[in-house]
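Okay, here's what each chain looks like letter by letter:
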Amino acid sequence: MDRIDLHAHTNRSDGSLEPAALVALAKETGLRALAVTDHDTTSALAIAREVGRSLGVEILTGAEITARFPGRSMHVLAYGFEDREPALCAMLAEIVAGRETRNPRIVERLCELGAPVTMAEVRAEAKGDVIGRPHIAAALVRRGHVADTKTAFSLFLRDGGPAYVAADRVDPEEVISTVRDAGGVTVLAHPKQLRVDAPAGYEALFGRLAAAGLSGIEVDHPSHRTDDRALFGRLADAMGLVRTGGSDFHGASKPDVRLGSGDGSISVDYAVWEALRARCAASPA
Ligand code: AMP
Ligand code: ZN
Ligand code: FE
Ligand code: FE
């Protein structure tokens, strides 16, 4: 079996590793291919591809795109697209602009809640242009308001939590069609995190996204239990969607998740990428 990982972050979004270090880790881990899927940016790809070429790890073009969903966000994984395609770049820029209005609003809430941090402190936690809640959590930890990231989320930042602000600008259907127009395919990331009523809610949601052109469901994810995977896999099969999986590696900010294997329950074969690639309109980069 040729193992791959279809979901991993670098410090260009909220992971802790430099792109080159992530690719080196993929090599050490024995992965044949790695999709670099930073939140709302492709800025790690150029260096990742270069290092991938020298180490013999195939780097798959990817991104994890934040879409609008009531009360939380939906994460849509995108693969195999032309990452310089203008409409796709414009959509990512729009989503990042939404973050730039959202982050100060979260910071304002935190001040009201008695856990003040500044945007300068938040920005200092980030290495790239995409700033999100994990960077705000890191600033809260550094200020001593909370002991760790986990507590920052459970006390303040979690979806629907006291400092949560939803400010996503793009609907999932638009993400799906924009990626498709750029020659790529989309996969719904970790559906469990949407907390839809199972199973009817998931059936309706997957059906809606499949009708919009979605290609796959991330069935295997560290946050999914055995029964979740069974449900998502059954629905994916019934709707003709590719069953995928990934570790959602973030490095130090999620220390229990390992590249390629996640919590030990993730093992994805190269054939999964072949099934996705077959649905791409253009040949992948
Ligand atoms: P954002 O894109 O700014 O909404 O932040 C979402 C990111 O925060 C996710 O991709 C995770 O990396 C991280 N995250 C979300 N919920 C939690 C949590 N409960 N504990 C730790 N990290 C989390
Ligand atoms: Zn993340
Ligand atoms: Fe995600
Ligand atoms: Fe992710």
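Scroll up a little and you will see the structure.
In this text, all values refer to a predicted model and were calculated from it rather than measured experimentally.

Draft legend 1. Seen up close, helix 10 (residues 270-277). Buried within helix 10 we find Tyr270, Val272, Trp273 and Leu276. In a view along the axis of helix 10, the buried residues occupy a sector of 155 degrees, so they form one face of it. Its side-chain oxygen at 2.8 Å from the backbone nitrogen of Ala271, Asp269 defines the N-terminal cap of helix 10.

Draft legend 2. Region of interest: the coordination of the iron ion (ligand 3). Glu64 (OE), His75 (ND1) and His190 (NE2) make up the full set of protein donors to the iron ion (ligand 3), lying at 2.1 to 2.2 Å. Sequence spacing of the donors to the iron ion (ligand 3): E-x10-H-x114-H. A separation of 5.5 Å is found between the iron ion (ligand 3) and the zinc ion (ligand 2). Taken together, the positions of Glu64 in strand 3 (residues 58-69) and His190 in the loop between strand 5 (185-188) and helix 8 (200-212) put the pair 126 residues apart, joining distant regions of the chain.

Draft legend 3. Up close: the site of ligand 1. The environment of ligand 1 is made up of Asp14, His39, His75, Arg99, Arg102, Gly132, Arg133, Pro134, Phe153, His250 and Lys254. Between ligand 1 and the protein, one listed contact pairs an oxygen atom with a side-chain N or O atom of Asp14 at 3.3 Å. Taking Arg99, its side chain carries an N or O atom lying 2.8 Å from an oxygen atom of ligand 1. Protein contacts shield 77% of the accessible area of ligand 1, which totals 510 Å² for the unbound molecule. Elements with a contribution of two residues or more to the shell around ligand 1: helix 3 (86-112) and helix 5 (133-143). The class makeup of the residues in the shell around ligand 1 is 2 nonpolar, 4 polar and 5 charged. Counting the residues that make up the shell around ligand 1, at least three belong to each of domain 1 (3-92 + 171-281) and domain 2 (97-157).

Draft legend 4. Structural view of the packing of aromatic side chains. Scanning the model with the defined rule gives 3 aromatic pairs in all. Between the aromatic rings of Tyr202 and Phe232, the centroid separation amounts to 4.9 Å while the plane-to-plane angle is 70 degrees, which identifies the pairing as edge-to-face. Of this pair, Tyr202 sits in helix 8 while Phe232 is found in helix 9 (residues 226-239), placing the two residues 30 residues apart along the sequence. On the accessibility criterion, Tyr202 (3% relative accessible area) is buried. With relative accessibility at 1%, the residue Phe232 sits in the buried group. Three or more aromatic residues joined by ring pairs make a cluster, and in this case those are Tyr202, Phe206 and Phe232. Geometry around Tyr270 places Arg32 over its ring, the cationic atom sitting 3.5 Å from the centre.

The rules behind the values
Residues numbered from 1 in each chain as written. Chains lettered and ligands numbered in written order. Predicted model: local features only at pLDDT ≥ 70, side-chain atom pairs only at ≥ 80, totals over all residues. Heavy atoms only, no water. Buried < 20%, exposed > 50% of the residue type's maximum accessible area, 1.4 Å probe, protein only. Helix = DSSP H or I, 4+ residues; strand = E, 2+ residues; numbered from the N terminus. Arc of directions from axis to C-beta. Polar contact = N/O pair within 3.5 Å; in protein donor to acceptor, adjacent residues only side chain to side chain. Donors = N, O, S within 2.8 Å, 3.2 Å for Na, K, Ca; no water. Near = heavy atom within 4 Å. Areas by Shrake-Rupley, 256 points an atom, 1.4 Å probe, with all protein chains shown as cover. Nonpolar A, V, L, I, M, F, W, Y, C, P; charged D, E, K, R; others polar. Domains from an automatic or database assignment. Phe/Tyr/Trp six-rings, centres within 6.5 Å; stacked < 30°, edge-to-face > 60°. Lys NZ or Arg CZ within 6 Å of the ring centre and 35° of its normal.

Treat this as a map of the structure, not an account of what it does.
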